[in-house]
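Take a look at the letters that make up each chain.
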Amino acid sequence: MDVLYQPSPMDLDSVSKGKPFLTRDQVCSLVKDNYNFEVKHLKVLDGYDNQNFLVEVLPQNEEKGSMVTAEVTVKYVLKITNSYLSKADQGLRDVTHLMEFLSTRGFACTHPVPNKYGQLCQLLTFQNLALENSENGVLANQKMEDTFMVRLVTFLPGTVLNDLPLVPDNVFEEMGETLAQVHVAFQELDMDKTGLQEMGETSPWSLDCLTKFRKFLYVVEDIEKRRLAEDVMNEFERVVLPRKKELPHGFLHGDFNDVNMIIDVQDGSKESHLIGFIDFDDASYSCVVHDIGVSLMYVLQCKTSSRDSAARHFLQGYSKYRKMPFVEKDCLLYCIAGRFVQSLLGGLYNYSVRKDKYVLGTQQRGWDALKEIWTRGKEVSYQKWKFS
């Protein structure tokens, strides 16, 4: 039996230095050599720890194995996983199986595309890496050679929720419905959970590792905000961690947030609806309430007319398909606040290392939202959300 790689918990420094920075030429060669696709258009997509590209390729003629002559392209997303996180080989392969599973159950989500060898994911070593981020000259990957997990997944067209000028409440309700349906579907998945369980225990973005963020409190210059973050971690450690065995467990999406929700916006209409979701890179096996808390954290910092109304609609949607036991409800607010701390501190730390403004996405509205729910407490927040 292969021994799974077990990275030391909460090594954000190694994760930050392991972000891929492949050149466009390297990406085009990768797609050609491993998928037999000719890249016609290439667009860099946002990525926190990983590197993502939207690739438009010429499809192959299945009968002759050659490119079709018509200029009709097909879109995919190429995902190049952080070299540090790529060491969790089995866990990442299990993530790919989660995508496959949900796709077969009718969920509108990305799913993997096999390479010419029939593999859904592959470890590849690259040389002559772009040692500097060409956009701002900040030192990024400090290795001339590095190994990354590579996957090609289907492209899900639509509008990213975060791009909406104002998110209507029905979208939050649909988010809650969908997440609950995902959790219910995952209960039917018969798969060895060892790899994903270890990812939950070691990933920087798992709530299981929240208290390890204490060593990053120094990045918060504002004393009041620093005390708020520290207080959240202390209470999470006191209230949630001792009840881990009591909390229901399952496979988690891990990052069911505003930049991973795909929305259908009708032309000439103010109506918007959730049509699918993407990005399973933070999937794991752990406490189900962690997944709910992570998603609700991003709901609370979305562009909306009322944070409380957004949370209320999300929870109403979730409860239609899965009832949360008392222990989950009792821990939920601490999970929401804990994810705020992870995102806020992690963003500030990563920005200090590579000056990528994308990682600061939570700073604008996150601190205010966290302060509001934490100051008024669980009872008042739940009353406003009609959650009991």
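Overview of the structure. (Residues numbered from 1 in each chain as written. Predicted model: local features only at pLDDT ≥ 70, side-chain atom pairs only at ≥ 80, totals over all residues. Heavy atoms only, no water.)

The helix and strand inventory of the chain stands at 10 helices and 13 strands. Taken across its 388 residues, the chain has 56% of its residues classed as buried. Long-range contacts, defined here as pairs at least 24 residues apart, represent 75% of the contacts in the chain between residues at least 6 apart. Surface exposure of the chain reaches about 17400 Å², of which carbon and sulfur atoms provide 48%. (Helix = DSSP H or I, 4+ residues; strand = E, 2+ residues; numbered from the N terminus. Buried < 20%, exposed > 50% of the residue type's maximum accessible area, 1.4 Å probe, protein only. Contact = heavy atoms within 4.5 Å. Areas by Shrake-Rupley, 256 points an atom, 1.4 Å probe, with all protein chains shown as cover.)

Attention shifts here to the environment of proline 248. Mapped onto the fold, proline 248 is located in the loop between helix H6 (223-239) and strand S10 (249-252). Between the alpha carbons of proline 248 and serine 286 there is a distance of 8.3 Å; along the sequence they are 38 residues apart. Contact partners of proline 248, with chain neighbours within four places excluded, come to Ser286, Cys287, Val288, Arg322, Pro325, Val327 and Glu328.

Attention shifts here to the pattern of salt bridges. What the rule picks out here adds up to 20 salt bridges. Aspartate 89 is the partner of arginine 93 in a salt bridge, and the nearest nitrogen-oxygen pair spans 2.6 Å. Of this pair, arginine 93 and aspartate 89 are both found in helix H3 (residues 89-104), 4 residues apart, which corresponds to roughly one turn of the helix. Accessibility expressed as a relative area gives 28% for arginine 93, which makes it partly exposed. With a closest N to O distance of 2.7 Å, glutamate 235 and arginine 238 form a salt bridge. Of the two residues, glutamate 235 and arginine 238 are both situated in helix H6; the distance of 3 residues between them amounts to about one turn of the helix. Salt bridges sharing partners connect three or more residues here, namely Lys79, Arg151, Asp279 and Asp281. (Salt bridge = Lys/Arg side-chain N within 4 Å of Asp/Glu carboxyl O.)

In this section: the side chain of aspartate 279. Mapped onto the secondary structure, aspartate 279 falls in the loop between strand S12 (272-277) and strand S13 (284-287). Judged by its relative accessible area of 19%, aspartate 279 falls in the buried class. Within polar-contact distance, the side chain of aspartate 279 engages the backbone nitrogen of aspartate 281 at 3.1 Å. In contact with aspartate 279, not counting residues within four places along its chain, are Lys79, Thr110, His253 and Asn260. (Polar contact = N/O pair within 3.5 Å; in protein donor to acceptor, adjacent residues only side chain to side chain.)

Once that is clear, we can look at the sheet that holds strand S9 (residues 159-160). The sheet built from 3 strands is open, its strands ordered S9-S11-S12 with antiparallel pairing. Either end of the sheet is taken by a strand with one partner, and the two such strands are S9 and S12. Two strands pair when backbone bridges link them, and S9 and strand S11 (residues 261-265) are joined in this way by 2 bridges, in the antiparallel orientation. In the strand pairing of S11, threonine 159 is matched with isoleucine 263. (Pairing = 2+ DSSP bridges.)

What follows is about the nonpolar core. Counting residues in hydrophobic clusters, the biggest one holds 93 residues, and the most contacted among them are Leu102, Leu332, Leu345 and Trp385. Ranked by the residues each element gives to this core, the list is headed by helix H9 (residues 326-354), at 13 residues. If sequence neighbours within four positions are ignored, leucine 332 has contacts with Val289, Ile292, Gly293, Leu296, Leu315, Met324, Tyr382 and Phe387. Judged by nonpolar contacts, the second largest core, of 20 residues, contains Val27, Leu30, Val55 and Val57. (Core = buried A, V, L, I, M, F, W, Y, C linked by side-chain atoms within 4.5 Å.)

Moving on: helix H5 (residues 194-202). Those residues of H5 that sit buried are Gly195, Leu196, Glu198, Met199, Gly200 and Thr202. Looking at the buried residues of H5, the elements they touch are H3, S10 and S13.

Turning to the side chain of threonine 110, a few remarks are in order. Within the fold, threonine 110 resides in the loop between H3 and strand S6 (112-113). Classification of threonine 110 as buried rests on a relative accessible area of 6%. Apart from the residues within four sequence positions on either side, threonine 110 is in contact with Met99, Val153, Thr154, Phe277, Ile278, Asp279 and Phe280.

The two faces of strand S7 (residues 122-127) differ: Gln122, Leu124 and Phe126 on one face are buried, but Leu123, Thr125 and Gln127 on the other face are not. In this sheet, strand S8 (residues 145-154) lies alongside S7 in antiparallel orientation, the contact comprising 6 bridges. Directly across from glutamine 127, in S8, lies its bridge partner glutamate 145.

In this section: the packing of H9 against helix H10 (residues 363-384). In the contact formed by H9 and H10, the axes pass within 10 Å of each other and the chain directions differ by 165°. By the angle between their directions, the pair H9 and H10 is classed as roughly antiparallel. Between H9 and H10 lies a crossing whose hand is left-handed. (Axes fitted to C-alpha atoms, helices over the stretch in contact; angles between N-to-C directions. Parallel < 35°, antiparallel > 145°, perpendicular 65-115°, else oblique. Left-handed = near helix turned anticlockwise from the far one by under 90°.)

The next subject is helix H8 (residues 307-319). Over its 13 residues, H8 extends 18 Å from the first C-alpha to the last, a length consistent with the 18 Å expected when each residue adds 1.5 Å. Buried residues dominate H8, accounting for 10 of its 13 residues. Buried positions along H8 lie against helix H4 (169-186), helix H7 (288-300), H9 and H10. (Expected span 1.5 Å × (residues − 1).)

On to the packing of aromatic side chains, then. As enumerated under the stated definition, the model contains 14 aromatic pairs in all. Consider the rings of phenylalanine 101 and phenylalanine 186, whose centres lie 6.3 Å apart with planes at 25°: the pair is stacked. Of this pair, phenylalanine 101 sits in helix H3 while phenylalanine 186 sits in helix H4; the two residues are 85 residues apart in sequence, bridging distant segments of the chain. In terms of burial, phenylalanine 101 and phenylalanine 186 fall into one category: buried. (Phe/Tyr/Trp six-rings, centres within 6.5 Å; stacked < 30°, edge-to-face > 60°.)

We now examine the packing of H7 against H9. The contact between H7 and H9 brings their axes to 7 Å, and the two run at 55°. Compared by their axis directions, H7 and H9 come out oblique. Two packed elements cross with a definite hand, and for H7 against H9 that hand is right-handed. Residues Val288, Val289, His290, Ile292, Gly293, Val294, Leu296, Met297, Tyr298 and Leu300 of H7 touch H9, and the partners they reach there are Glu328, Leu332, Cys335, Ile336, Arg339, Phe340 and Ser343. Residue classes in the contact of H7 with H9 are distributed as 12 nonpolar, 3 polar and 2 charged. (Nonpolar A, V, L, I, M, F, W, Y, C, P; charged D, E, K, R; others polar.)

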